[in-house]
Amino acid sequence: MTGRSPRRLFWLLLVVAALLTSGCGFKLRNDFQLDPRFQKVRVLNASQKTPLTETLIKRLDIYSADVINRSNPKQHHEFSVPTLFVMPERLERKLLSLFPTGQVAEYELLYYCQYQLQMPNGDIQDYSFELTREYQDDPDQVLAKSRELNLILSEMRRQAADRIIRQLSKNKYQN
């Protein structure tokens, strides 16, 4: 009887923990549905193709959004679908630390993202945010650090695209 009691207690605690977790509204990251108003969306940017816009389009494909006619930014007010206009991205590096030799040891990367959302009724909302990352530099490993920087930038673009999509999924826009 004593061997079964701890096992029952374990299962009881596991069930109670699962109920409490689901009852508080906990959701896994990226576990959301895109608002039906954004199942069709137009994505525009200042130039033909930017890495952020391409990443955003790929991420919208994951949520089965239909990205339409993104070629002419001057016509975006004529469509009956929401339009995302992605402004040019901006990256800044700030010095964080130096090696004893005076060479840069560590940078802080600041990635700025701005975009506008225009709803079919003409309402325009502006958004901006920044992402930060620390990046260690090694002057003896220039090629490897260059590749690492490119990986960090692509990950920051993915995070920016996900953040834009999460903003769309918050369901607070007026029709």
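In case you missed it, the structure is sitting above this.
In what follows, the accompanying structure is described. (Residues numbered from 1 in each chain as written. Predicted model: local features only at pLDDT ≥ 70, side-chain atom pairs only at ≥ 80, totals over all residues. Heavy atoms only, no water.)

The number of helices and strands found in the chain is three helices and six strands. Counted from the first residue to the last, the chain has its helices and strands arranged as α-β-α-β-β-β-β-β-α. Looking at the chain residue by residue over its 175 residues, the buried ones come to 32%. A fraction of 68% describes how many contacts in the chain between residues 6 or more apart in sequence connect residues 24 or more apart. (Helix = DSSP H or I, 4+ residues; strand = E, 2+ residues; numbered from the N terminus. Buried < 20%, exposed > 50% of the residue type's maximum accessible area, 1.4 Å probe, protein only. Contact = heavy atoms within 4.5 Å.)

Ranked by size, the top nonpolar core spans 33 residues in total, and within it Leu 34, Val 43, Leu 56, Leu 60 and Leu 84 carry the most contacts. If you list the elements that add at least two residues to this core, you get β1 (40–45), α2 (51–62), β3 (83–86), β5 (104–118), β6 (124–136) and α3 (142–169). Once residues lying within four places of it in the same chain are set aside, the contact partners of Leu 34 are Gln 39, Leu 60, Tyr 63, Ala 65, Ile 165 and Leu 168. (Core = buried A, V, L, I, M, F, W, Y, C linked by side-chain atoms within 4.5 Å.)

With that settled, the discussion passes to the pattern of salt bridges. The tally for this structure, following the rule as stated, stands at five salt bridges. The partner of Arg 90 in a salt bridge is Glu 92, with the nearest N and O atoms 3.5 Å apart. Assessed through its relative accessible area of 43%, Arg 90 is described here as partly exposed. Among the residues examined, Glu 92 registers a relative accessible area of 31% and is labelled partly exposed. Taken together, the shared-partner salt bridges connect Arg 59, Arg 158 and Asp 162 into one network. (Salt bridge = Lys/Arg side-chain N within 4 Å of Asp/Glu carboxyl O.)

Two elements in contact, α2 and α3, have axes whose closest approach is 9 Å; the angle formed by their N-to-C orientations is 55 degrees. Between α2 and α3, the angle is such that the two are oblique. Note that α2 runs across α3; the crossing there is right-handed. Listed contacts from α3 to Pro 51, Leu 52, Thr 55, Leu 56, Arg 59 and Leu 60 of α2 are Arg 157, Arg 158, Ala 160, Ala 161, Asp 162, Ile 164 and Ile 165. Class assignment for the residues of the contact of α2 with α3 results in eight nonpolar, one polar and four charged. (Axes fitted to C-alpha atoms, helices over the stretch in contact; angles between N-to-C directions. Parallel < 35°, antiparallel > 145°, perpendicular 65-115°, else oblique. Left-handed = near helix turned anticlockwise from the far one by under 90°. Nonpolar A, V, L, I, M, F, W, Y, C, P; charged D, E, K, R; others polar.)

What follows concerns the environment of Gln 159. Take Gln 159: it is sitting in helix α3. For the pair Gln 159 and Leu 131, spaced 28 residues apart in the sequence, the C-alpha separation amounts to 8.3 Å.

The next subject is the side chain of Thr 53. Within the element layout of this structure, Thr 53 appears in helix α2. A relative accessible area of 2% means that Thr 53 is categorised as buried. Polar contacts involving the side chain of Thr 53 include one to the side chain of Thr 50, which spans 2.7 Å. Once you skip the residues sitting within four places of it in the chain, Thr 53 turns out to touch Val 43, Asn 45 and Val 86. (Polar contact = N/O pair within 3.5 Å; in protein donor to acceptor, adjacent residues only side chain to side chain.)

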